[in-house]
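The primary structure of each chain is shown beneath.
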Amino acid sequence: MMSSAGDKILGRLVPRTVAKADTTFEKICYCKKSQGFYYRQICHVVGGYTSCGTCYLSSPCLPS
């Protein structure tokens, strides 16, 4: 009983934290077969929110 009451009081005094990893990754936008190149964008995840930059010319498209 005391442990439960103590946990409730502590929960009100100290906010819970949720671990969210901040990271950066690349995402493929599209492949223009006429030009033969992938377009990619760099995305960032910070505090649980994701934002991506503009697409840029990257590597050659893989043959399909």
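Fair warning: this is a prediction, and the values are worked out from it, not measured in the lab.

## Topic: the state of the cysteines
Next, step 1: The full count for this structure, using the stated rule, is two disulfides.
Next, step 2: Between Cys-29 and Cys-55 runs a disulfide, and the two sulfur atoms are separated by 2.0 Å. On the S-S bond that ties Cys-29 to Cys-55, the torsion sits near -95°, and the link is left-handed. Taken together, the residues Cys-29 in strand β1 (residues 23–32) and Cys-55 in the loop between β3 (49–52) and β4 (56–60) connect sequence positions 26 residues apart.
Next, step 3: Between the sulfur of Cys-43 and that of Cys-52 lies a disulfide, 2.0 Å long from S to S.

## Some remarks on the side chain of Gln-41
Next, step 1: Tracing the backbone shows Gln-41 in strand β2 (residues 37–46).
Next, step 2: In this structure the side chain of Gln-41 is engaged in a polar contact, spanning 2.7 Å, whose partner is the backbone oxygen of Gly-53.

## Points about the environment of Val-46
Next, step 1: Mapping Val-46 onto the fold places it in strand β2.
Next, step 2: The sequence separation of Val-46 and Thr-23 amounts to 23 residues, and the corresponding C-alpha distance is 6.9 Å.

## Things to note about the packing of aromatic side chains
Next, step 1: On inspection of all chains with the given rule, the structure shows one aromatic pair.
Next, step 2: Measuring from ring centre to ring centre gives 4.8 Å for Tyr-30 and Tyr-39, while their planes differ by 20°; the resulting arrangement is stacked.
Next, step 3: Looking at Tyr-39, the relative accessible area reads 14%, which means it is buried.
Next, step 4: Here Arg-40 stacks its cationic end above the ring of Tyr-38, 5.8 Å away from the centre of that ring.

About the thresholds
- Residues numbered from 1 in each chain as written.
- Predicted model: local features only at pLDDT ≥ 70, side-chain atom pairs only at ≥ 80, totals over all residues.
- Heavy atoms only, no water.
- Disulfide = S-S within 2.5 Å.
- Helix = DSSP H or I, 4+ residues; strand = E, 2+ residues; numbered from the N terminus.
- Polar contact = N/O pair within 3.5 Å; in protein donor to acceptor, adjacent residues only side chain to side chain.
- Phe/Tyr/Trp six-rings, centres within 6.5 Å; stacked < 30°, edge-to-face > 60°.
- Buried < 20%, exposed > 50% of the residue type's maximum accessible area, 1.4 Å probe, protein only.
- Lys NZ or Arg CZ within 6 Å of the ring centre and 35° of its normal.

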